[in-house]
Amino acid sequence: MYAAPVSAADTQNAPDIPYTRFKLPNGMTVVVHEDHKAPIVAVSVWYHVGSAYEPKGKTGFAHLFEHLMFQGSENHKDEYFRPFELAGATDQNGTTWLDRTNYFETVPTTALDMALWMESDRMGHLLGAIGKKELDEQRGVVQNEKRQGENQPYGRVMEDIQANAFPANHPYHHDTIGSMADLNAASLGDVKQWFRDYYGAANTTLVLAGDITPAVAKKKAMAYFGDIGPGPSVPRPQAWAAPRKSSVTGHMTDNVAQTRIYREWNVPALGTSDAVMLDLAANVLGGGKTSRLYQRLVYKDKLADSVSVNQMSFELAGMFMLQVDVKKGIDPAKVKAAIADEFKRFLADGPTADELARAKASYQADTVRSLEKVGGFGGKAVTLAQGQVYQGNPGAWKVDYERTMAATPAQVTAAADQWLGRGDYTLTVTPGKVDANDAASMAGRKAVNGRPHDVSSKVAGYQAQGDGVDRSHGVPEVSQFPDLSFPKLQHGKLDNGIEVVLAERHAIPVVQMQLLFDAGYAADQGRPLGTSSFTMSMLDEGTDKLDSVQIAQRKERLGARIGTGCNLDYCSASLNALDAKLEPSLALFADIVRHPAFRDADVARLRGQWLAGIAQEKSQPIGLALRTLPPLLYGQGNAYAIPFTGSGTEASIKALQVADMRRFMADYVRPDNVKILVAGDTRLAKVIPQLNAVFGDWKAPAGAVPTKNIAHVDYPAKPHVYLMDRPGAQQSLILAGLVAPSTQADDNLDIRTMNGAFGGSFTSRLNMNLREDKHWAYGAFSFLRDAVGQRPFLMYAPVQTDKTSQSVSEILKEANAVIGPKPLTHAEIQKIKDGDVRGMPGQYETTSAVLGAINGIEQYHRPDDYVQTLKARIDAQSDQAVQQAADQVIHPDHLTWVIIGDLSKIEKPIRALNLGQVQVIDADGHPVK
């Protein structure tokens, strides 16, 4: 049986990203996409080099060099992020992967010259700014990034899988972050040669997407990049899937909560038809509740808590990956046998027409959604750059789209049979003591480029075109900034009085909405902890007429996303639907919210997954800290004295009954306790009748909505330090907290600005100290968790184990300084204010961001024009008011510290600091004697 062919309507309405492409005389490729919905431009610079190009003994070079590119350049000898922060850049970062290194930012249109000057200055004028000091600093940062990753549960898995999946002479044999030994051995000469070899203009693609025209783009690209040399020819490794002929197994022990099974098959590279078919196969096999393996392992046999299958496509090869979390107490051999059985069935019969149609509908809807954002990690600039860099075609994504929509069951079956019917690598990770050497693949691995052939990227006879821009005056000043365009909020009511708030956004044919209930984790008080989150998660597990699988199937056919969840003070149910399918999506959405079934079998299944999730939280340093610190901050009896994950405790979830959930629904999930927030491609006159049809007859139960008890909290009389043991940890997680005024406080903006300067931005005091100056951490920050009551103010730093006590001292030193001898300066405060104001056009680019703003307006009782008037209120903040916020919030003598690490190495030095009473506690916050 075959899936229906692509219809004329599908072809006519197919998504598109129009672009213009040209090359500069130096060989640099420039791709331009116009999108004038907001006064912003996404700048994306892709260098066609990644970890696949690293020779033996130099693993991690590509990623290390990415960090060095943020150190400043010959004409800007300062932090790279600083001018961008002042200009209001959003979505700024850099990443390294197997085949490429990219740098990106979204800036106000008026800041484009600054962004291009900065990108071109580090491309053409970098080497003179890199010395041993800069190399050592970023070497330390990268090594702490590696420690931070490996300190997470399953954090060493990909290194093991790549080493075992690919032959020793394959470019993908080693992972991107590299080995500690190679990073330590990197010399200044080595990294400078890396720049000379790979960072030439002819090995670079620049994508400009947003409020720009091709004519302007061409002029600016030539001005800023035209005088940069093309660089040498770059040998390209050829595509090499390296499929296995036999199966191999491996084993690893780790500080994890449950056994996890990985299976990996080497498959073709991106851009091939088979890669597209395998994407669809992955969806059918393990793409969610309706998938074959989820149905078998989670629903039917009850062997696993979760299952997923994904296809990762790269330039030279792909990796088809299965991941299964084994239910506690189950023999992994039974799980592996069931997996093998399901794969055998799939390879024999392939997907059904209905399975394939649902996969296509979800894919099509997700593609439409992806067209809204111009930049960031996954916007249109990324899509165009990836196509150009890997396949020489910015529109390559559309080829894959057309292949997907035209795919037949026979094609998917044939591709799966060819690539999944042969050998694989299976890795089983079990709970146990961490041993960095227990994976056989780690020993003696080699990293050498595999079977390259030369494809020249050098431009023959090239001569620099002019002198480029004048760089003698430094970074171009950005003196003008575009105004924010934010939709005016519209209000309506349903027949039963439910208020509706709408913000129109017509960029893509998608409507998003949220049912906002005044409840949240605080509503758990007097109930089993986790009741709110667990109950909301049960809503799409079945209604009176539909079971959980039928709900999931309907969502897939409609291309709709339906989600539920809670924060401290509110719970919500959300819908993201294509405008053309809004009415049937709304009908399903309303059924889920209004008629949850709470069937015993579904409750039992979710309970098991929930308990496994709590165990996973306890195996993660930050999860442990967020579970442990709030009860210590708020004190027994406070509604906020709960794990801030909202998941409750093992005891409370085991005790939770259907009657508790129904009582929660009757108390909080009701029409007299909800507002419906809508944003997207609709109008009030259209959406009110649609909402009335499904929610207008909803009647409130008897009795009033309960009043939550959010009591006032005083500071502790003196500091407290709580230590948690994590034997063998490469890093210590430091979390220090205080209670701060509510998000609704009159001086909320002053508090927010203060936090940005102290620890909430890249160039803040905390991060510059522990990351950039000391390079003891990959990042160190402070943050505020929004709340109707007193909210937590937290300082956070994962640091290398041997610098734990010193890092605590530095955090304390910064906290004392900012309210004492070193108050915030005008420049520090103005930097945050400028960035906040100037970043607003980029911040509110998407419909989801607009909906989030409405959510904040409703949760914290702000005026409708809150966003439109935000600039004036930020500008009006005085330095004195912001410093007063620091004095009000930061109290070093009352901090509560939670520090998680290897106590055999950190306990004695921490006690020697004499911060206050020190108590060792377990994962549940109970004292350890």
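Residues numbered from 1 in each chain as written. Predicted model: local features only at pLDDT ≥ 70, side-chain atom pairs only at ≥ 80, totals over all residues. Heavy atoms only, no water.

## Quick look at the packing of helix 10 (residues 273-286) against helix 16 (residues 409-420)
Helices that pack against each other are described as a pair by the angle of their axes relative to one another and the distance between those axes.
Here comes step 1: The contact between helix 10 and helix 16 brings their axes to 8 Å, and the two run at 95°. Between helix 10 and helix 16, the angle falls in the class roughly perpendicular. Mapping the contact onto sequence places Asp 274, Met 277, Leu 278, Leu 280, Ala 281 and Leu 285 in helix 10 and Gln 411, Val 412, Ala 415, Ala 416, Gln 418, Trp 419 and Leu 420 in helix 16.
Here comes step 2: Classifying every residue of the contact of helix 10 with helix 16 gives ten nonpolar, two polar and one charged. (Axes fitted to C-alpha atoms, helices over the stretch in contact; angles between N-to-C directions. Helix = DSSP H or I, 4+ residues; strand = E, 2+ residues; numbered from the N terminus. Parallel < 35°, antiparallel > 145°, perpendicular 65-115°, else oblique. Contact = heavy atoms within 4.5 Å. Nonpolar A, V, L, I, M, F, W, Y, C, P; charged D, E, K, R; others polar.)

## Things to note about the state of the cysteines
Here comes step 1: Scanning the model with the defined rule gives one disulfide in all.
Here comes step 2: Between Cys 566 and Cys 571 runs a disulfide, and the two sulfur atoms are separated by 2.1 Å. The sign of the 100° torsion about the S-S bond sets the Cys 566-Cys 571 disulfide as right-handed. For the pair formed by Cys 566 and Cys 571, the shared burial category is buried. (Disulfide = S-S within 2.5 Å. Buried < 20%, exposed > 50% of the residue type's maximum accessible area, 1.4 Å probe, protein only.)

## Section: the sheet that holds strand 17 (residues 561-566)
Here comes step 1: Judged by pairing direction, the sheet is mixed, and its six strands sit side by side in the order 14-15-19-16-18-17 without closing on themselves. Pairing within the sheet leaves two strands with one partner each, and these edge strands are strand 14 (490-493) and strand 17. Across this sheet, the average inter-strand angle for adjacent strands is 20°, counted without regard to direction. (Pairing = 2+ DSSP bridges.)

## Overview of helix 16
Here comes step 1: Compared with the 16 Å implied by 1.5 Å per residue over twelve residues, the 15 Å span of helix 16 between its first and last C-alpha is a close match.
Here comes step 2: For helix 16, the set of buried residues is Pro 409, Val 412, Thr 413, Ala 415, Ala 416, Trp 419 and Leu 420. The buried side chains of helix 16 occupy one side of the element, clustering within an arc of 165° when seen end-on.
Here comes step 3: The elements touched by buried residues of helix 16 are strand 9 (260-267), helix 10, strand 11 (318-326), helix 12 (332-349) and helix 13 (353-369). (Expected span 1.5 Å × (residues − 1). Arc of directions from axis to C-beta.)

## Considerations on helix 5 (residues 132-150)
Here comes step 1: Between its first and last C-alpha, helix 5 extends 27 Å over 19 residues, near the 27 Å set by a 1.5 Å rise per residue.
Here comes step 2: The buried fraction of helix 5 amounts to 15 of the 19 residues, a majority that puts the element mostly inside the structure.

## Description of the environment of Pro 727
Here comes step 1: Note that Pro 727 resides in the loop between strand 20 (720-725) and strand 21 (731-740).
Here comes step 2: Pro 727 sits in the exposed class, given a relative accessible area of 55%.
Here comes step 3: With 234 residues separating them in the primary sequence, Pro 727 and Lys 493 have C-alpha atoms 57 Å apart.

## What about the pairing of strand 1 (residues 20-23)?
Here comes step 1: One ladder, built from four bridges, connects strand 1 with strand 2 (residues 29-34); its direction is antiparallel. Across the sheet, residue Lys 23 finds its bridge partner in strand 2, namely Thr 29.

## Thoughts on unusual backbone geometry
Here comes step 1: In the Ramachandran plot, Phe 598 falls in the positive-phi region, its phi being about 55° despite a non-glycine side chain.
Here comes step 2: You can see Phe 598 is positioned in the loop between helix 19 (582-594) and helix 20 (600-618).
Here comes step 3: Phe 598 sits in the buried class, given a relative accessible area of 5%.
Here comes step 4: A positive phi angle, close to 55°, is found at Asn 914, a residue other than glycine.
Here comes step 5: Within the secondary structure, Asn 914 is located in the loop between helix 33 (903-912) and strand 25 (917-920).

## Some words on the environment of Arg 557
Here comes step 1: Secondary-structure assignment places Arg 557 in helix 18 (residues 548-558).
Here comes step 2: With relative accessibility at 38%, the residue Arg 557 sits in the partly exposed group.
Here comes step 3: Discounting residues that sit within four places of it in the chain, Arg 557 has contacts with Asp 354, Arg 358, Ala 361 and Lys 581.

## Structural notes on empty space enclosed by the protein
Here comes step 1: Summed over the entire model, instances satisfying the criterion amount to six cavities of 30 Å³ or more.
Here comes step 2: Quantified by volume, the second largest cavity comes out at close to 80 Å³.
Here comes step 3: Around the second largest cavity, the lining residues are Glu 150, Asn 151, Gln 152, Arg 156, Asp 254, Asn 255, Val 434, Arg 726, Pro 727, Gly 728, Ala 729 and Gln 730.
Here comes step 4: Looking at the lining of the second largest cavity, its residues break down into three nonpolar, five polar and four charged. (1 Å grid on protein atoms, 1.4 Å probe; cavity = no way out; pocket = protein on both sides within 12 Å on 5 of 7 lines; lining within 4 Å. Points joined across faces, edges and corners; volume = space filled by probe spheres on them.)

## Things to note about the pairing of strand 20
Here comes step 1: Counting buried residues in strand 20 gives five out of six residues, a clear majority hidden from the surface.
Here comes step 2: Summarising the sheet, strand 20 and strand 24 (residues 896-901) pair through six bridges and their orientation is parallel. Bridge pairing in strand 24 links Met 724 to Ile 900.
Here comes step 3: When strand 20 meets strand 25, the two strands line up parallel, connected through four bridges. Note that in strand 25 the partner of Tyr 722 across the bridge is Gln 919.

## Looking at the environment of Ala 886
Here comes step 1: If you trace the backbone, Ala 886 turns up in helix 32 (residues 879-889).
Here comes step 2: We classify Ala 886 as buried; its relative accessible area is 0%.
Here comes step 3: Each C-alpha atom, one on Ala 886 and one on Lys 433, is 43 Å from the other, the two residues being 453 residues apart in sequence.

## Points about the pattern of salt bridges
Here comes step 1: Summed over all chains, the structure comprises 53 salt bridges.
Here comes step 2: A salt bridge links Asp 697 to Arg 594; the nearest nitrogen and oxygen atoms lie 2.8 Å apart. Here Arg 594 lies in helix 19 and Asp 697 lies in the loop between helix 24 (684-695) and strand 20, a separation of 103 residues in the sequence.
Here comes step 3: Here Arg 765 and Glu 828 are joined by a salt bridge, their closest N and O atoms 2.8 Å apart. With a gap of 63 residues between them, Arg 765 in helix 26 (residues 765-773) and Glu 828 in helix 28 (residues 826-838) connect regions that are remote in the sequence.
Here comes step 4: Relative accessible area serves as the criterion here: at 18%, Glu 828 is assigned to the buried category.
Here comes step 5: Because the salt bridges share partners, they merge into one network encompassing Asp 35, Lys 37, Asp 91, Lys 373, Lys 380 and Glu 845. (Salt bridge = Lys/Arg side-chain N within 4 Å of Asp/Glu carboxyl O.)

## A few points about the side chain of Glu 504
Here comes step 1: Relative to the helices and strands, Glu 504 resides in strand 15 (residues 499-504).
Here comes step 2: A polar side-chain atom of Glu 504 sits 3.0 Å from a polar atom in the side chain of Gln 490.
Here comes step 3: Looking at Glu 504, its side chain comes within polar contact range of the side chain of Arg 683, at 2.7 Å.
Here comes step 4: When near neighbours in sequence (up to four residues on either side) are disregarded, Glu 504 contacts Pro 487, Gln 490, Gly 680, Thr 682 and Arg 683. (Polar contact = N/O pair within 3.5 Å; in protein donor to acceptor, adjacent residues only side chain to side chain.)

## What about the packing of aromatic side chains?
Here comes step 1: Counting across every chain of the model gives 30 aromatic pairs.
Here comes step 2: Summarising the aromatic geometry, the rings of Trp 97 and Phe 314 are spaced 5.5 Å apart at their centres and angled 65° between planes, so their arrangement reads as edge-to-face. Separated by 217 residues along the polypeptide, Trp 97 in the loop between strand 4 (90-96) and strand 5 (101-108) and Phe 314 in the loop between strand 10 (304-313) and strand 11 bring together distant segments of the chain.
Here comes step 3: Looking at Phe 314, the relative accessible area reads 4%, which means it is buried. (Phe/Tyr/Trp six-rings, centres within 6.5 Å; stacked < 30°, edge-to-face > 60°.)

## Remarks on the sheet that holds strand 12 (residues 425-431)
Within a sheet, adjacent strands bond to each other through the backbone by hydrogen bonds, running parallel or antiparallel.
Here comes step 1: Pairing within the open sheet is mixed, and its five strands lie in the order 8-12-9-11-10. Of all strands in the sheet, those with a lone pairing partner are strand 8 (248-254) and strand 10, marking the two edges. Looking at each pair of strands side by side, their axes are set apart by 15° on average, direction ignored.
Here comes step 2: Bridge analysis of strand 8 against strand 12 gives seven bridges, and the strand direction is parallel. Residue pairing for strand 12: Asp 254 is matched across the bridge by Pro 431.
Here comes step 3: Of the strands in this sheet, strand 9 and strand 11 are in contact with helix 16, which crosses strand 9 at around 105°.

Worth remembering: the numbers are spatial, not functional.
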